[in-house]
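Reading the structure
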Amino acid sequence: MSDGHGPPPETPSGWSAEQPPPYSAPPASPWTAPGAPQQPQQTPYGQPYGEPLQQQQPLGPGPQTPYPPYPHPQPGYGYAPPPQALRPGIIPLRPLGLGDILDGTIKLIRSNPKAVLGLSAVAALLASVPVAVGQAFVLDTVSGAFTDPESAYTSSGQLTSVYGLAAQYGGTLVSYMVQFVVVTLLTGVLTRILGRAVFGGGITAGEAWRLVKGRVPALFGVVAMMAVIMLVPLVVMVLLIVVVAMNVSSGGAGAILGLTFLFMIAYLGYYLFFTTRFAFASPIVVLEGRGAIESMRRSWHLVSGDFWRVFGILLLTSLLVGLVAGVLSVPFTLAGTLFGMFGAGSVATTVVSTVLIALGGTLGSMLTYPFQAGVAGLLYADRRMRSEAFDLVLQTAAIEQQRQGWVHASADELWHPSNSARP
């Protein structure tokens, strides 16, 4: 035991005579480049590099920690967010989400309201007028029955009722025929406007029609084949129900109703399946320039990679658009119905009722047509981006157009599948 003034104690027994040196900071590395300056004095942990050593001040009475304070991070380090996707037009040029598709459709309508909403209003009016006329005649018949209930049992009253029902169903049939023509043409024009709006370019309704009119036969071919696909099961089922009704007794009404209910459930699934599979046929006809059968085959192929997602987006869009269209059209339709039923039964009443019902149908369809066409077109673009790397083609073209400062009409040719990275 030493008192601090004598020599250090001897090495305890059992220890090696050669002990390591006392702990200290590691020496500077002797390996330096020729002509390089000498390394500065070793800086303790927590001391800023290059500054002179500072004496740590005691924090107060009591034992002090031997560790220096934790150094603050230097600025300029951290996670850098990825660059934003190129967006020259209504959508970002990358695979799209549901929000991108809905937002792009709204931007399509807002970017060219005269062409989109104007053409949609004309198409909706042409399709709504026949239905409104038929309903107005039916309401006029009901109004007569309210004012004079006994007249419904006379021959003239029954004849008037027959005329009213014929007008209603005839107006519905005429409306379907008008929709077959007008809505098909409208879909083609709106798709061409959308194809240019993706690049940030504008196009007038007249220019869009000049570009689309050569594709009209193929568009009608797609709609006609879709009508056949949808009508054949209905015809078969109606014939089957008639045969069953003729071969069962009067107590078999419950079986017929049950069979009809099961058929409607099965037909709903059938309708949704084929509507989803061929949802891209019209955009393909317009943007890729293919024929009707080839467009339907290609639509089937594009949807195959992501059927449930396409189905869900189309179904959600239909529900949203139907809700908005109902909110806009129901007040006018209800007012026209009440006016026709409880009016005086004159020609003026019939005209006012027709106008109100037609106005309600026009307002509802004016938003339904462009929204459904826009969602179908953007979903088609999204599927090509995901399955064919089409976003790379669009980005390259958009950068070149930004360099030139304008969107050339040749941008429409980029939709052809020969320009895809993986056609």
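The present account deals with the structure reproduced in this document. All values reported here derive from a predicted model rather than from experimental measurement.

Overview of the overall build of the chain
Helices and strands together make up the secondary structure of the chain, namely 11 helices and 0 strands. The order of helices and strands in the chain, counted from the N terminus, is α-α-α-α-α-α-α-α-α-α-α. When the 423 residues of the chain are sorted by exposure, 35% land in the buried category. Across the chain, contacts joining residues at least 24 apart in sequence account for 75% of those joining residues at least 6 apart. Entry remark: accessible area of the chain is about 25700 Å², with carbon and sulfur atoms responsible for 68%.

Considering the nonpolar core
Grouped together as the largest cluster of nonpolar side chains are 72 residues, with contacts concentrated most on Ile90, Val198, Phe280, Leu378, Leu379 and Trp415. Residue contacts for Leu379: discarding those within four places in its chain leaves Ile101, Phe280, Arg309, Val310, Ile313 and Leu314.

Overview of the environment of Leu392
For Leu392, the location among the structural elements is in helix α11 (residues 390–404). Separated by 299 residues in sequence, Leu392 and Leu93 place their C-alpha atoms 8.0 Å apart.

What to know about helix α9 (residues 307–342)
Between its first and last C-alpha, α9 extends 49 Å over 36 residues, near the 52 Å set by a 1.5 Å rise per residue. At Ser329, α9 shows its maximal kink, close to 40 degrees; a proline, Pro331, follows between one and four residues later. Taken together, the buried positions of α9 are Phe307, Val310, Phe311, Ile313, Leu314, Thr317, Val321, Ala325, Ser329, Gly336, Gly340 and Met341.

Overview of the packing of α9 against helix α10 (residues 347–388)
Look at α9 against α10: their axes get within 8 Å of each other, and the N-to-C directions meet at 170 degrees. For the element pair α9 / α10, the angle class is roughly antiparallel. Looking at the contact of α9 with α10 residue by residue, the classes come out as 19 nonpolar, 14 polar and 4 charged.

Topic: the pattern of salt bridges
Opposite charge on two side chains permits them to pair, given that their charged atoms come into close proximity. Throughout the structure, instances matching the rule amount to 13 salt bridges. Between Arg94 and Asp100 there is a salt bridge; the shortest N-O distance is 3.0 Å. Judged by relative accessible area, which is 32%, Arg94 ranks as partly exposed. Glu288 is the salt-bridge partner of Arg290, the closest N and O atoms lying 2.6 Å from each other. Looking at Arg290, the relative accessible area reads 17%, which means it is buried. Linked by salt bridges that have partners in common, Glu288, Arg290, Glu294, Arg298, Arg384 and Glu388 make up one network.

So, the side chain of Glu388
Counting through the fold element by element, Glu388 comes out in helix α10. For Glu388, a relative accessible area of 4% translates into the label buried. A distance of 2.9 Å separates the side chain of Glu388 from the side chain of Arg298, its partner in a polar contact.

A word on the environment of Val330
When you line up the elements, Val330 lands in helix α9. Along the chain, Val330 and Leu363 lie 33 residues apart, while their C-alpha atoms are 9.9 Å from each other.

Points about the packing of aromatic side chains
Tallied over the full model, the rule gives 17 aromatic pairs. On the basis of an interplanar angle of 45 degrees and a centroid distance of 5.6 Å, the ring pair of Phe273 and Phe307 is categorised as tilted. Separated by 34 residues along the polypeptide, Phe273 in helix α6 (residues 253–277) and Phe307 in helix α9 bring together distant segments of the chain. Given the relative accessible area of 14%, Phe307 is considered buried. Over the ring of Trp300 we find Arg277, and its NZ or CZ is 4.5 Å from the ring centre. Across from the ring centre of Phe390, 4.0 Å away, lies the NZ or CZ of Arg384, which sits over that ring.

So, the environment of Gly118
Along the chain, Gly118 turns up in helix α2 (residues 113–147). Along the chain, Gly118 and Met366 lie 248 residues apart, while their C-alpha atoms are 8.4 Å from each other.

Description of a nonpolar patch on the surface
On the surface, Leu125, Val129, Val133 and Phe137 cluster together into a nonpolar patch covering about 310 Å² of accessible area. Following the sequence through the fold, Val129 ends up in helix α2.

Notes on α6
A rise of 1.5 Å per residue sets the reference length of α6, with its 25 residues, at 36 Å; its end C-alpha atoms lie 36 Å apart and thus fit the reference within 8%. Of the residues making up α6, those classed as buried are Ile256, Phe263, Tyr267, Phe274, Thr276 and Arg277. For α6, the secondary structure elements touched by its buried residues are α5 (216–247), α8 (292–304) and α9.

Brief notes about unusual backbone geometry
Within the chain, Ala389 stands out as a residue other than glycine whose phi angle is a positive 55 degrees. Along the chain, the position of Ala389 falls in the loop between α10 and α11. Residue Ala389 is classed as buried on the basis of its relative accessible area of 10%.

About the criteria used
- Residues numbered from 1 in each chain as written.
- Predicted model: local features only at pLDDT ≥ 70, side-chain atom pairs only at ≥ 80, totals over all residues.
- Heavy atoms only, no water.
- Helix = DSSP H or I, 4+ residues; strand = E, 2+ residues; numbered from the N terminus.
- Buried < 20%, exposed > 50% of the residue type's maximum accessible area, 1.4 Å probe, protein only.
- Contact = heavy atoms within 4.5 Å.
- Areas by Shrake-Rupley, 256 points an atom, 1.4 Å probe, with all protein chains shown as cover.
- Core = buried A, V, L, I, M, F, W, Y, C linked by side-chain atoms within 4.5 Å.
- Expected span 1.5 Å × (residues − 1).
- Bend = angle between axes of the 7 residues up to and from the residue.
- Axes fitted to C-alpha atoms, helices over the stretch in contact; angles between N-to-C directions.
- Parallel < 35°, antiparallel > 145°, perpendicular 65-115°, else oblique.
- Nonpolar A, V, L, I, M, F, W, Y, C, P; charged D, E, K, R; others polar.
- Salt bridge = Lys/Arg side-chain N within 4 Å of Asp/Glu carboxyl O.
- Polar contact = N/O pair within 3.5 Å; in protein donor to acceptor, adjacent residues only side chain to side chain.
- Phe/Tyr/Trp six-rings, centres within 6.5 Å; stacked < 30°, edge-to-face > 60°.
- Lys NZ or Arg CZ within 6 Å of the ring centre and 35° of its normal.
- Patch = residues over 30% accessible without salt bridge, like charges linked within 9 Å, V, L, I, M, F, W, Y side chains within 5 Å.

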